[in-house]
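Listed here are the chains, written in short residue letters.
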Amino acid sequence: MFSKGLKNTLKLALGACIVGTSVAAADFPTRDIRLIVPWPAGGGADAISRKISNIAEQDLPKSIYVENIAGAVTATGLVQMTSSRPDGHTVGVLTYDSVITLPRGQMVPGYGLENMKLIARITSEADAIVVSKHSGINTFEELVEKAKANPGKVRVGVAPKGSGPYLSAYQLESLLDVDFNVITYAGSSSAEAEALLSGELDAAISSLGDFSGIIESGDAKGVIELTSVQNLTYTDVPTISSKGYDLQTGSFIVLAAPKGTPDEAVEVIESAFKTAYDSEEFQSWLAQVGVTPDWLGSDEVNGWVDALQEKTFSLMDDLNL
């Protein structure tokens, strides 16, 4: 049995710990927050992350700085994130590859969503079909008609096997009862854009934002977006649901912290980013770049990720991927 004096000492110590934790939570952040973007600087994920964090830090006593750590299909940067002290001062950005490609292939030892605490989804960016001006195709209907008349001949560029656009191509073939000549391109969509410019491709699948330069120049044209939500930037590009088909594919931006990060710290981060998300500055910027705002908070984002994985992995099983 403990003596009365020892009991009092333990009570005081426990009370000090509780007060210390509360004070620490109240003071968070105590230093600048490191936001790891697992892609090179200059890409879409990088641009979105930098824009919203620049606004979010205005609601915090400390700054948020972006660090680009690319490699291993986002795993290099995100493993560094999950290996960091779980105190809220290190946050990472997850994209499609982080949630689907890496977990599916179990490609990198030590990588796993179970090592993370998801904070929020910020945006979604639907896949779209963009056609080259050399293709002679001007509408979604013309694309389908040409594919049906020429099985295996319409050349469609996508990201490598297992990627979101790769799966989109095969879902479209099933949905539309057509047979494309699907050609994969490593790296970013810039290689597909060059192939569209040269006439090497008839069409390509990625976001409209990825092809904004050649769309604006008139060298390519968006004919359909694989979503049910109309893009407010590219209002002339119809949604596939408006054509009577149900298909929604694309990428997204999700924020996460290391597993074990205190709830209080996550709440502060989520609140700052939600305020930034709701700002007119961020919403106007998203409209300019053609990205869809699509917030899900910490109470919903885990369920959404689970459902997305279940659906996508099932499709990959069907395709033997």
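What this report covers is the structure whose coordinates are included nearby.

Parameters at a glance
- Residues numbered from 1 in each chain as written.
- Predicted model: local features only at pLDDT ≥ 70, side-chain atom pairs only at ≥ 80, totals over all residues.
- Heavy atoms only, no water.
- Helix = DSSP H or I, 4+ residues; strand = E, 2+ residues; numbered from the N terminus.
- Buried < 20%, exposed > 50% of the residue type's maximum accessible area, 1.4 Å probe, protein only.
- Areas by Shrake-Rupley, 256 points an atom, 1.4 Å probe, with all protein chains shown as cover.
- Core = buried A, V, L, I, M, F, W, Y, C linked by side-chain atoms within 4.5 Å.
- Contact = heavy atoms within 4.5 Å.
- Pairing = 2+ DSSP bridges.
- Axes fitted to C-alpha atoms, helices over the stretch in contact; angles between N-to-C directions.
- Salt bridge = Lys/Arg side-chain N within 4 Å of Asp/Glu carboxyl O.
- Arc of directions from axis to C-beta.
- Polar contact = N/O pair within 3.5 Å; in protein donor to acceptor, adjacent residues only side chain to side chain.
- Right-handed = clockwise from strand over helix to strand, strands pointing away.
- Parallel < 35°, antiparallel > 145°, perpendicular 65-115°, else oblique.

**Overview of the overall build of the protein**
So, point 1. Scanning the protein for helices and strands turns up eleven helices and eleven strands.
So, point 2. The principal-axis extent of the C-alpha atoms belonging to the protein is close to 90 × 40 × 35 Å.
So, point 3. Buried positions account for 48% of the 321 residues belonging to the protein.
So, point 4. For the protein, the exposed area adds up to about 14,900 Å²; of that, 51% sits on carbon and sulfur atoms.

**Concerning the nonpolar core**
So, point 1. Counting 49 residues, the largest nonpolar core has Leu94, Val99, Met116, Ile129, Leu172 and Phe180 as its most contacted members.
So, point 2. Other than its neighbours up to four places away in sequence, Ile129 contacts Leu143, Leu172, Ala203, Ala204, Ile205, Lys221, Gly222, Val223 and Ile224.
So, point 3. Formed by 32 residues, the second largest nonpolar core is a distinct cluster that contains Ile33, Ile55, Ala56 and Phe273.

**Regarding the sheet that holds strand E2 (residues 64–68)**
So, point 1. Pairing is mixed across the open sheet formed by six strands, whose spatial order is E2-E1-E3-E10-E4-E11. Edge positions in the open sheet fall to E2 and strand E11 (292–296), since each of these has one partner strand only. Strand-to-strand, the axes of this sheet are offset by a mean angle of 25°, without reference to chain direction.
So, point 2. Relative to strand E10 (residues 250–258), strand E4 (residues 116–126) runs antiparallel, the two being bridged by nine bridges. Bridge pairing in E10 places Lys117 opposite Ala257.

**Digging into unusual backbone geometry**
So, point 1. Geometrically, the link from Phe28 to Pro29 is a cis peptide bond, its omega value of 0° lying close to zero.
So, point 2. Structurally, Pro29 can be placed in the loop between helix H1 (4–27) and strand E1 (33–37).
So, point 3. Within the chain, Ala72 stands out as a residue other than glycine whose phi angle is a positive 55°.
So, point 4. Residue Ala72 is classed as partly exposed on the basis of its relative accessible area, which comes to 39%.

**Points about the pairing of E10**
So, point 1. Counting buried positions along E10 yields seven of nine residues, so the element is predominantly enclosed.
So, point 2. Two strands pair when backbone bridges link them, and strand E3 (residues 90–94) and E10 are joined in this way by three bridges, in the antiparallel orientation. Bridge pairing in E10 places Gly92 opposite Ala256.

**Focus: the pattern of salt bridges**
So, point 1. For the coordinates displayed, the defined rule picks out eleven salt bridges.
So, point 2. Note that Asp46 is salt-bridged to Arg50, the shortest N-O span being 2.8 Å. Of this pair, Asp46 and Arg50 both sit in helix H2 (residues 44–56), four residues apart, roughly one helical turn.
So, point 3. For Asp46, a relative accessible area of 4% puts it in the buried group.
So, point 4. Across the pair Asp263 and Lys117 runs a salt bridge whose closest N-O atoms are separated by 2.4 Å.

**A few points about helix H5 (residues 140–149)**
So, point 1. Every buried residue of H5 is accounted for by Phe140, Leu143, Val144 and Ala147. Seen end-on, H5 carries its buried residues on one side only, within an arc spanning 95°. Within H5, the exposed residues directed more than 90 degrees away from the buried face are Glu145 and Ala149.
So, point 2. The inward-facing, buried residues of H5 contact strand E5 (128–132), helix H6 (164–176) and strand E9 (220–225).

**Here's the deal with the side chain of Thr239**
So, point 1. Assignment of secondary structure puts Thr239 in the loop between E9 and E10.
So, point 2. Of the polar contacts made by the side chain of Thr239, one reaches the side chain of Ser241; its length is 3.1 Å.
So, point 3. If we ignore the near neighbours within four places in the chain, the residues touching Thr239 are Ile224, Glu225, Thr227, Ser228, Val229 and Gln230.

**Focus: the pairing of E2**
So, point 1. Strand direction decides the pairing type here: E1 and E2, joined by five bridges, are parallel. If you follow Val37 over to E2, its bridge partner there is Asn68.
So, point 2. Read from E1 through H2 to E2, the crossover connection turns out right-handed.

**Regarding the packing of helix H9 (residues 263–278) against helix H10 (residues 280–289)**
Relative orientation and spacing of two packed helices are given, respectively, by the angle between their axes and the distance between those axes.
So, point 1. Between H9 and H10, the shortest axis-to-axis distance is 4 Å and the interhelical angle comes to 60°. Accordingly, the angle class assigned to the pair H9 and H10 is oblique. Contact with H9, carried on its side by Ala276, Tyr277 and Asp278, involves Glu280, Phe282 and Gln283 of H10 and no other residues of that element.

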